[in-house]
Amino acid sequence: LLSQVACNRIVSVPTILGRLPTHLEPQHLSNIRWVISGGETLPAQLVSRLHALPALESCIEYFGSSEHSLIAYAHRGTIAKDAGCFSGRLFPGVSVHFHDVDPDTGSGAAYIDSPYNANGYDPATAPPIAQCGNSTGILDRGMQSHDGTITFMRRDDGMLNLNGNNIHPSEIIDVLATLNILDATVQVEQEKGHSRLIVH
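The residue numbering used here restarts from 1 in each chain and proceeds along that chain's sequence as written. In keeping with the predicted nature of the model, local features appear solely for residues at pLDDT of at least 70, side-chain atom pairs appear and are counted solely at 80 or more, and the whole-chain, interface and lining totals rest on all residues. As a convention, hydrogens and water are excluded, and side-chain values are obtained from all of the structure's heavy atoms.

### A short note on the packing of helix α1 (residues 14-23) against helix α2 (residues 44-51)
To keep it simple, the criterion reads: A fitted line through C-alpha atoms represents every axis, and for helices the fit uses only the stretch in contact; the resulting angles, taken between N-to-C directions, go from 0 to 180 degrees. Note on conventions: DSSP H or I runs of at least 4 residues are helices, E runs of at least 2 residues are strands, and numbering of each starts at the N terminus. Throughout this description, any angle smaller than 35 degrees is read as roughly parallel, any larger than 145 degrees as roughly antiparallel, any in the 65 to 115 degree range as roughly perpendicular, and the remainder as oblique. Here a crossing is called left-handed whenever its near helix is offset anticlockwise from the far helix by less than a right angle, and right-handed whenever the offset is clockwise. Any pair of residues with heavy atoms lying within 4.5 Å of one another is described as a contacting pair. Charged residues are taken to be Asp, Glu, Lys and Arg, nonpolar residues to be Ala, Val, Leu, Ile, Met, Phe, Trp, Tyr, Cys and Pro, and polar residues to be all remaining types, Gly included.
Interhelical geometry of α1 versus α2 gives an angle of 45 degrees and a closest axis separation of 10 Å. The angle between α1 and α2 falls in the class oblique. Seen along the crossing, α1 lies across α2 with a hand that is left-handed. Contacts between α1 and α2 involve P14, L17, G18, P21 and T22 from the first element and L46, R49 and L50 from the second. Along the lines of polarity and charge, the residues of the contact of α1 with α2 split into five nonpolar, two polar and one charged.

Laid out in structure tokens, this is it:
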């Protein structure tokens, strides 16, 4: 599509964004002014490559679970490093409060009240989703600073994310057990800026 149509804005996931410079001629990317990403965290190395595009003005990362859709956003600059968590600003109309705040870290279970909540995730019919008034929580933990910056930590439910795919290690371990491979550990590891699934 980019090789056929002049485009100045791309909204996509990191996996696709990472392939743009290697799969397209430079002239097909010369008009890109805005890059918007979601689905998983943009690696710092990819952010630097995107900022090398000649016309780029802004690289924005969206944060939101499937259940909540859009929650927060962050402008990603070239000096940002991979922190293992998301920090940004809430979208207009979104509010958050925290339960079970850890006094040492200041983080708690995030409950989101948002006009962007995805349809079909009704707390009344989905027991894993906790409800507090109009707000819902789904195991996300985070904290908010005095200047309004919201930080979300990785979920502590064992789920991994690789190239936008949600991976439940327990499912892989169960399959390996049927092959008499026991005591396996499944994790995502970084090697030379690339993520891959490793089973030990």
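### Details of the pairing of strand β4 (residues 72-75)
The two faces of a sheet get side chains in turn, since along a regular strand they alternate between them. Basically, it comes down to this: Buried residues are those whose accessible area, probed at 1.4 Å on protein chains only, stays under 20% of the maximum for their type, while exposed residues exceed 50% and partly exposed ones sit between those limits. If DSSP finds at least two bridges between two strands, the strands pair.
Side chains of β4 alternate between two faces, with A72 and A74 buried and Y73 and H75 left unburied. The pairing of strand β3 (residues 58-63) with β4 spans four bridges and is classified as antiparallel. Paired with F63 across the two strands is A72, which belongs to β4. In this sheet, strand β5 (residues 86-90) lies alongside β4 in antiparallel orientation, the contact comprising two bridges. Along β5, the bridge assignment pairs A72 with L90.

### With respect to unusual backbone geometry
Phi is positive for S69, close to 60 degrees, though the residue is something other than glycine. Relative to the elements of secondary structure, S69 occurs in the loop between β3 and β4. Residues other than glycine seldom take positive phi values, yet D100 does so here, at roughly 50 degrees. Relative to the elements of secondary structure, D100 occurs in the loop between β6 (95-99) and β7 (108-113).

### A word on the packing of aromatic side chains
Short version of the rule: When two rings of Phe, Tyr or Trp (its six-membered ring) have centres within 6.5 Å they constitute a pair, described as stacked for plane angles under 30 degrees, edge-to-face for angles over 60, and tilted for the intermediate range.
Taken as a whole and judged by the stated rule, the model has five aromatic pairs. Here F63 and F86 contribute two aromatic rings whose centre-to-centre distance is 5.0 Å and whose plane-to-plane angle is 25 degrees, an arrangement assigned as stacked. Taken together, the positions of F63 in strand β3 and F86 in strand β5 put the pair 23 residues apart, joining distant regions of the chain. Judged on exposure class, the residue F63 and its partner F86 are both buried. Here the aromatic cluster, defined as three or more aromatic residues joined through ring pairs, consists of Y62, Y73, F91 and Y116.

Nothing here speaks to function; it is geometry throughout.
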